[in-house]
Amino acid sequence: MTSQTQPVRSMLARGLSILHSFRPGESELTLSEIARRTALPKATAHRLISELVDAGMLERAERGLRLGLNLFALGTRVPRQRIVRELALPHLNRMHDLTRQTVFLYLSDGLDGAMADSRGGRGPRAAAYLPAESEASASAVAQVFRAHRARSDPAGPDRARRYRAHRAVRRLAPEELGRVAEQGFAVAHCGLEAVAVAVPVLDATDSPVAALAVAGSQDRLHLLRTASPLRAAGAELSRDLRGAPGMVPAL
């Protein structure tokens, strides 16, 4: 294989890339946008989408496609997701009460992270957050995960790119990754609308299995005052997970 040759992806990898093309805060995508994000020919994307719709992993919507109910049902059966979510719930509620901003729980999915739960900052609904807050939190979490991968496995970030990480995150220089790992948190902005701070949740091997994030408007979220209690919450949740039955080291 030459440096110009792209690796041939299996049909399974192509189908998974379609599911991963959906970003936080996005409810629907068009066929054209899915094909663009996955670098698949439209005909191939259409054929795979039809199979995913038949399997209930995608659903046809008014303006395109959306993730299907069977995908959600499958996710609820993941033991690690259930354990982490149950243990994280008190920390989510505590951080929400402390900051009155939106608090997120992400699970490591081998790429950047998958949102597992949230506590909204502006109202009684658990998911009353803005898409900008979701995008900022996702970017901060991705930085945290990549910083820890770079520290423990220098090939980690490259491996994530080979699997087409589904979130556009600014590539950090090695010194920036080192600073994120050293300080224990990452900060990310989404335009002028939102800012977020994220911390890792580590398993017994010091690998990031999850992350906590707080996001809000840039004029309301004080990063330094938020980072300290958020780091404490991440450390406490890490200790809880290490002692939880059924938890195994993250891959």
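Attention in this report is confined to the structure presented alongside it. Computed from a prediction, not measured in an experiment: that's the story for all the values here.

Some details on the packing of aromatic side chains
Argument step 1. The tally for this structure, following the rule as stated, stands at 1 aromatic pair.
Argument step 2. Between phenylalanine 104 and tyrosine 106, the ring centres sit 6.2 Å apart and the planes meet at 45 degrees, which makes this aromatic pair tilted.
Argument step 3. A relative accessible area of 0% means that tyrosine 106 is categorised as buried.

Section: the sheet that holds strand 7 (residues 208-217)
Argument step 1. One open sheet holds the 5 strands; their spatial order is 4-3-7-6-5, and the pairing between them is antiparallel. Of all the strands in the sheet, just strand 4 (114-119) and strand 5 (186-190) have a single pairing partner and so form its edges. Taking each pair of neighbouring strands and ignoring which way they run, the sheet shows an average axis angle of 25 degrees.
Argument step 2. Against the sheet, helix 9 (residues 223-242) contacts strand 5, strand 6 (194-202) and strand 7, and its axis sits at roughly 25 degrees relative to strand 6.

Quick look at helix 8 (residues 174-183)
Argument step 1. Listed as buried for helix 8 are Leu177, Val180 and Ala181. Taken down its axis, helix 8 places every buried residue within 95 degrees of arc, on the same side. Projecting away from the buried face of helix 8 at angles above 90 degrees are the exposed residues Glu175 and Glu182.
Argument step 2. Backbone geometry just downstream of helix 8 places glycine 184 in the positive-phi region, at approximately 85 degrees.

What about the nonpolar core?
Argument step 1. The biggest cluster of nonpolar side chains holds 25 residues, and the ones touching the most others in it are Leu105, Val201, Ala210, Leu212, Val214, Leu230 and Leu241.
Argument step 2. If you list the elements that add at least two residues to this core, you get helix 5 (79-99), strand 3 (102-107), strand 6, strand 7 and helix 9.
Argument step 3. Non-local contacts of valine 214, meaning those with residues more than four positions away in its chain, are made with Met95, Thr99, Gln101, Thr102, Val103, Val195, Ala196, Val197, Leu221, Thr226 and Leu230.
Argument step 4. Listed in part, the 22 residues of the second largest apolar core include Ala138, Leu177, Val180 and Ala194.

Overview of the pattern of salt bridges
Argument step 1. A complete count under the given rule lists 7 salt bridges for this structure.
Argument step 2. Across the pair aspartate 117 and arginine 85 runs a salt bridge, and its minimum N-O distance is 3.1 Å. With a gap of 32 residues between them, aspartate 117 in strand 4 and arginine 85 in helix 5 connect regions that are remote in the sequence.
Argument step 3. When its relative accessible area of 37% is taken as the criterion, arginine 85 is described as partly exposed.
Argument step 4. For the salt bridge of aspartate 117 with arginine 119, the shortest nitrogen-to-oxygen distance reads 3.1 Å.
Argument step 5. Judged by its relative accessible area of 10%, aspartate 117 falls in the buried class.
Argument step 6. Connected through shared salt-bridge partners, Glu33, Arg36 and Arg37 make up one network.

Calculation criteria
Residues numbered from 1 in each chain as written. Predicted model: local features only at pLDDT ≥ 70, side-chain atom pairs only at ≥ 80, totals over all residues. Heavy atoms only, no water. Phe/Tyr/Trp six-rings, centres within 6.5 Å; stacked < 30°, edge-to-face > 60°. Buried < 20%, exposed > 50% of the residue type's maximum accessible area, 1.4 Å probe, protein only. Pairing = 2+ DSSP bridges. Helix = DSSP H or I, 4+ residues; strand = E, 2+ residues; numbered from the N terminus. Axes fitted to C-alpha atoms, helices over the stretch in contact; angles between N-to-C directions. Contact = heavy atoms within 4.5 Å. Arc of directions from axis to C-beta. Core = buried A, V, L, I, M, F, W, Y, C linked by side-chain atoms within 4.5 Å. Salt bridge = Lys/Arg side-chain N within 4 Å of Asp/Glu carboxyl O.

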